[in-house]
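Chain residues, written in single-letter form:
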Amino acid sequence: MASKATSIKLFSISTPQMRAFHLTWMAFFVCFFAWFACAPLMPVIKGEFGLTAAQIANINIAAVAVTIIVRLIVGPLCDHFGPRKAYTGLLLLGSIPVIGVAFAQSYESFLFFRLAIGAAGASFVITQYHTSVMFAPKVVGTANAAAAGWGNAGGGVAQAAMPLLMTAMIMLGVSEGFGWRAALIVPGVLMIVMAFVYYRYTQDCPQGNFKELRAAGIAIEGGKKGGWDSFKLAAANYRVWLLFITYGACFGIEIFIHNIAATYYVDHFKLSLAQAGMAAGSFGLLALFARALGGWVSDQFAAGGNLNNRVNLLFVLMLGEGAGLLLFAHAGNAALAVAAMLVFGLFTHMACGATYAVVPFVDKRALGGVAGIIGAGGNVGAVAAGFLMKGTGDVQQTLSILGVLVAISALCALAARFSSATVQETAIATA
């Protein structure tokens, strides 16, 4: 019977494990592209709807708020229905508001669709779930981080590509108002196409699909508990909530920066829309390698059999992120701001990868619940950052406060250390 992959054969799609690996990051890329497609166009959308600073803050909060709920739900759904069906359903349902936002005619309707688009962010949980059940402990950190990192890059590509796509539409002779709307239809269509590809070419785990395996009486790791049982098991584990905080402080900051970076560069440094999009996009494009690097380094640190080296690494990365964020907040010009953003972005993406290199070891009985709750923490962090910015009314002050809070949250990584019995058990399993 098929088992978890013990290596990552990057240029192969001949096995179910590698097909799942490549299609999960591709699906995640499309979802993240769709999720952040509006952000780089906000300076134009702001003018069309006459948006106030408070309304823009509400839109940024809405973009990440609903994802909290959907992430909590979708993890246990993976345990129950399997990641294949869960991802297909999310892609199809998520495409509706992505296309719908192009038809918004007021602040209220735009806010509604922006809120609903946030469901696409739950794709991350399914991506991490699917790679976790497909790859063995010694490479699962790298697999999780690489798939998530390459998928995350969709946010960075959206920052750079959406202004160019809108410009291309305008060059075809349409108005600016129609151009941004036509550009936003593109990611919605891509989600529909990806849904059919995912359903057709993946399976839930190395042995097959959950439904058929359960019918045959075959036990499923990661899907042993479904739905509410999975959620309850995960919620009772204190390490889940500690990692919930650390993920809020790394991934939450990441998506907060995605939402405000382009507008910040336009307003604060007077860059053009295209220049701001490229600057903001560079942060997201770090995900192409930095998140995978965090997972890979975590795997290397744990190679000697000490699982706690994973959380020690996470602690160091969180401290680096906090320090880099403070540098970005006090950058005096655009060039220095971009350089500082890339420094703290490297730590941020690596910390995200290092967090999910720990996730598969927290509670194997409820992988979906664990992945879902910790994943939701990222969006809680982003929402909290959004409310903080709304309260201060100043981006620089918000970034400074966030830098201090991130550094403090690093302590949660140390508090999540595993018992000696768990460390020994994992060392035997990975030997």
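Residues numbered from 1 in each chain as written. Predicted model: local features only at pLDDT ≥ 70, side-chain atom pairs only at ≥ 80, totals over all residues. Heavy atoms only, no water.

### So, the overall build of the protein chain
For clarity, the cut-off: Only DSSP runs of H or I covering at least 4 residues are called helices, and only runs of E covering at least 2 are called strands; the numbering of each starts at the N terminus. A radius of gyration in this sense is built from C-alpha atoms; the matching globule rule multiplies 2.2 Å by the number of residues raised to 0.38. Type-normalised accessible area, obtained with a 1.4 Å probe on protein chains alone, sets the label of each residue: buried when under 20%, exposed when over 50%, and partly exposed for intermediate values. Whether two residues are in contact is decided by their heavy atoms, any of which lying within 4.5 Å being enough. In this description, accessible areas are obtained by the Shrake-Rupley approach with a 1.4 Å probe, and a residue is regarded as covered only by the protein chains that are shown. By the counting rule applied here, Lys and Arg register as positive and Asp and Glu as negative, while His and the ends of each chain are not counted. Note on charges: their place is set at NZ of Lys, CZ of Arg, CG of Asp or CD of Glu.
Across its full length, the protein chain carries 18 helices and 0 strands. Computed over the C-alpha atoms, the radius of gyration of the protein chain is 21 Å, within 12% of the 22 Å expected from 2.2 N^0.38 for a compact globule of 431 residues. Along the longest, intermediate and shortest principal axes, the C-alpha atoms of the protein chain span 60 × 45 × 40 Å. The proportion of buried residues among the 431 residues of the protein chain is 59%. Counted over contacts in the protein chain with a minimum sequence separation of 6, partners at least 24 positions apart contribute 84%. Carbon and sulfur atoms make up 70% of the accessible area of the protein chain, which totals about 15,700 Å². Across the protein chain, the centroid of the 24 positively charged side chains sits 8 Å from that of the 15 negatively charged ones.

### Notes on the packing of helix 13 (residues 290–301) against helix 15 (residues 334–358)
Each pair of packed helices can be summarised by the angle the axes make with each other and by the distance between the axes. Heads up, the condition is: To define axes, lines are fitted to C-alpha atoms, for helices over the stretch in contact only, and angles between the resulting N-to-C directions are given on a 0 to 180 degree scale. Orientation is classified from the angle alone, with under 35 degrees giving roughly parallel, over 145 giving roughly antiparallel, 65 to 115 giving roughly perpendicular, and any other angle giving oblique. Throughout, a crossing is termed right-handed when the near helix is turned clockwise from the far one, and left-handed when it is turned anticlockwise from it by less than a right angle. Note on residue classes: Ala, Val, Leu, Ile, Met, Phe, Trp, Tyr, Cys and Pro are nonpolar, Asp, Glu, Lys and Arg are charged, and everything else, Gly too, is polar.
At a minimum axis distance of 7 Å, the contact between helix 13 and helix 15 shows a crossing angle of 45°. Comparing their axes, helix 15 and helix 13 come out oblique. Note that helix 13 runs across helix 15; the crossing there is right-handed. For the pair formed by helix 13 and helix 15, the contact residues are A290, R291, L293, G294, G295, V297 and S298 on the first element and L346, H349, M350, C352, G353, A354, Y356 and A357 on the second. Looking at side-chain class alone, the contact of helix 13 with helix 15 contains 9 nonpolar, 5 polar and 1 charged residues.

### Examining the nonpolar core
This is how the line gets drawn: Here, nonpolar core refers to any group of buried Ala, Val, Leu, Ile, Met, Phe, Trp, Tyr and Cys residues whose side-chain atoms link them within 4.5 Å.
Membership of the largest hydrophobic core comes to 142 residues, with the highest contact counts inside it found for F110, W180, L184, I257, Y265 and F328. Per-element tally for this core: the top contributor is helix 11 (residues 238–269), with 19 residues. Not counting residues up to four positions away in its chain, the partners in contact with F110 are C38, M42, I45, F49, I59, V101, A104 and W180.

### What about the packing of aromatic side chains?
Quick note on the threshold: In this scheme Phe, Tyr and Trp rings, the latter by its six-membered ring, pair at centre separations within 6.5 Å, and the angle between planes marks the pair as stacked below 30 degrees, edge-to-face above 60, and tilted otherwise.
Inspection of the entire model under this criterion finds 26 aromatic pairs. An angle of 75° between the planes, with centres 6.4 Å apart, marks the rings of F110 and W180 as edge-to-face. Here the residue F110 occupies a position in helix 5 (residues 107–117), and W180 occupies one in helix 8 (residues 176–201), the gap between them amounting to 70 residues. On the accessibility criterion, F110 (1% relative accessible area) is buried. Arranged with centres 5.9 Å apart and planes meeting at 65°, the rings of Y264 and F328 form a pair that is edge-to-face. In this pair, Y264 sits in helix 11 while F328 sits in helix 14 (residues 308–329), placing the two residues 64 residues apart along the sequence. Under the relative-accessibility criterion, F328 is labelled buried at 1%.

### Observations concerning the side chain of E254
Just so we agree on the cut-off: Here a salt bridge means any side-chain nitrogen of Lys or Arg lying within 4 Å of a carboxyl oxygen belonging to Asp or Glu. Nitrogen and oxygen atoms within 3.5 Å of one another constitute a polar contact, given that in protein one can donate a hydrogen and the other can accept it, and given that sequence-neighbouring residues count only through two side-chain atoms.
Counting through the fold element by element, E254 comes out in helix 11. Although buried, E254 forms no salt bridge, and the nearest oppositely charged side chain, R291, lies 4.3 Å from it. Polar side-chain contacts of E254 include one of 3.5 Å to the side chain of H349. If we ignore the near neighbours within four places in the chain, the residues touching E254 are F32, N152, F283, R291, T348, H349 and C352.

### Describing the domain arrangement of the protein chain
The following threshold applies: Each domain's limits were defined by an automated method or a database of domain assignments. The buried area of a pairing is the accessible area, by a 1.4 Å probe, that goes missing from both parts when the two are put together, added over both.
Here the protein chain is described as being made up of domain 1 (16–209) and domain 2 (226–430). Here the C-alpha centroids of domain 1 and domain 2 sit 19 Å apart. In total, about 4,100 Å² of surface goes out of reach between domain 1 and domain 2, with carbon and sulfur atoms giving 70% of it. The three residues of domain 1 that bury the most area against domain 2 are I61, P137 and Q159, which together make up 13% of that side's buried surface. Taken together, domain 1 and domain 2 are joined by 0 salt bridges. For the interface between domain 1 and domain 2, the tally reads 12 residue pairs in polar contact (both at pLDDT 80 or more). Among the secondary structure elements, those contributing two or more residues to the side of domain 1 that touches domain 2 are helix 1 (16–35), helix 2 (42–49), helix 3 (53–81), helix 6 (123–134) and helix 7 (137–171).

### Concerning a nonpolar patch on the surface
The following threshold applies: Like charges are joined within 9 Å and nonpolar side chains (Val, Leu, Ile, Met, Phe, Trp, Tyr) within 5 Å, but only among residues with over 30% relative accessible area and no salt bridge; these make up the patches.
There is a patch of nonpolar side chains on the surface, built from L326, I401, V404, L405, I408, L411 and L414 and spanning about 560 Å² of accessible area. Here the nonpolar patch gets 6 residues from one element, more than from any other, and that element is helix 17 (residues 395–415). For V404, the position within the fold is in helix 17. Judged by relative accessible area, V404 falls into the partly exposed class, the value being 44%.

### Considerations on helix 3
Just so we agree on the cut-off: Expected span, for any helix, means 1.5 Å times one less than how many residues it has. The term bend refers to the angle at a residue between two fitted axes, each drawn through seven residues, those ending there and those starting there.
The terminal C-alpha atoms of helix 3, which comprises 29 residues, lie 42 Å apart, in line with the 42 Å expected from a rise of 1.5 Å per residue. A bend of about 30° at V70 is the largest found in helix 3. Positive phi appears at G82, one or two residues downstream of helix 3, with a value of about 100°.

### Some words on the pattern of salt bridges
Here the structure, examined in full by the defined rule, presents 3 salt bridges. Between E48 and R181 there is a salt bridge whose closest N-O contact spans 2.8 Å. Taken together, the positions of E48 in helix 2 and R181 in helix 8 put the pair 133 residues apart, joining distant regions of the chain. Exposure remark for E48: the relative accessible area of 36% places this residue in the partly exposed category.

### Some remarks on the environment of V98
Here V98 is to be found in helix 4 (residues 83–100). Considered as a pair, V98 and L184 are 86 residues apart in the sequence and their alpha carbons are 7.1 Å apart. Each residue touching V98, except ones within four places of it in the same chain, is listed here: A34, I117, L184, P187, G188 and M191.

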